[in-house]
Amino acid sequence: MAILKIFKYGSEILRQKSKEVGKISKKIKILAENMIDTMYANNGVGLAAPQVGENIRLFVVDVSLENEKYNPIVFINPKIISHEGASHEKEGCLSFPNAFVDVRRYAYIKVKALNLSGKPFIIEAKDGSLLSRAIQHENDHLDGILFIDHARNIFETIKALEDNGLAPLEKDKMLDEEEIENLLVEDKTTENE
Ligand code: ZN
C-alpha cells in the first residue's frame, strides 16, 4: 500500500494517449491498489493511471457516499459502448486541486471493461449520475483529454486555473465547437424532442 504522487495540470504525461493493458501482471494489480489508496487519501471519486505517471488504460472509481461501504471499481481497457442525453455539472479533478468548472457530459452511458482478474464486465451508469460523470472523466484521461477541454465557459476556466495557481490554459488542447457538437450528437436529438 502506498500513496502515489499525482501529476498536476501542465505535466506532459496528462496529455499523452495511454496504451492498452496487455497481461494483468502483479505490477498492474499493485498499481491499481495504490491508485485506490491514493484516490481515498485525496478524497477523490476517481483516478486514472496517467495521473500517477503510468500511460496505460486503467482507472479506478468509487462514488459511494460517506455513510456507505467503500466500493472501488477498477476499469481496464474501458470502452464506452453507448450513451444518451447530456448533463451539466461542476466538475473537479485531482490533477487540478480546488479548481471546479462547469462541464457537459453524456447523461447515461454504458461501459465495457476488464476487471483485475481479466474478466469483462459491463456497467450502466444512470442518467446524470455521479458514476456516469466520473467514468467519462476518467476515460478521457486515457486519451489525454482533460475536463477543462470540455468547458464551454473559457473565462470561468481561466479564472479557476489562475485562482488555484495552476498552469495557464492550454487553449490549443481545448475541444472546438465542432468536436463538442460531435460528442453531443445524442443531446441534440434530445433537445429537439
Ligand atoms: Zn481527472
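Residues numbered from 1 in each chain as written. Predicted model: local features only at pLDDT ≥ 70, side-chain atom pairs only at ≥ 80, totals over all residues. Heavy atoms only, no water.

**A word on the coordination of the zinc ion**
Those protein atoms acting as donors to the zinc ion are Cys93 (SG), His137 (NE2) and His141 (NE2), and they sit at 2.0 to 2.2 Å. Each donor residue of the zinc ion belongs to the same chain, and together they define the spacing C-x43-H-x3-H. Of this pair, Cys93 sits in strand β4 (residues 87–93) while His141 is found in helix α2 (residues 130–141), placing the two residues 48 residues apart along the sequence. Take Cys93: its relative accessible area is 10%, and that puts it in the buried class. We classify His141 as buried; its relative accessible area is 1%. (Donors = N, O, S within 2.8 Å, 3.2 Å for Na, K, Ca; no water. Helix = DSSP H or I, 4+ residues; strand = E, 2+ residues; numbered from the N terminus. Buried < 20%, exposed > 50% of the residue type's maximum accessible area, 1.4 Å probe, protein only.)

**Some points on the layout of surface pockets**
The calculated volume of the largest pocket comes to roughly 540 Å³. Around the largest pocket, the lining is made up of 27 residues, and of these Val45, Gly92, Cys93, Leu94 and Phe100 lie nearest the centre. Contributions of two or more residues to the lining of the largest pocket are made by β4, β5 (96–105) and α2. Of the residues assigned to the lining of the largest pocket, the class counts are 12 nonpolar, 8 polar and 7 charged. (1 Å grid on protein atoms, 1.4 Å probe; cavity = no way out; pocket = protein on both sides within 12 Å on 5 of 7 lines; lining within 4 Å. Points joined across faces, edges and corners; volume = space filled by probe spheres on them. Nonpolar A, V, L, I, M, F, W, Y, C, P; charged D, E, K, R; others polar.)

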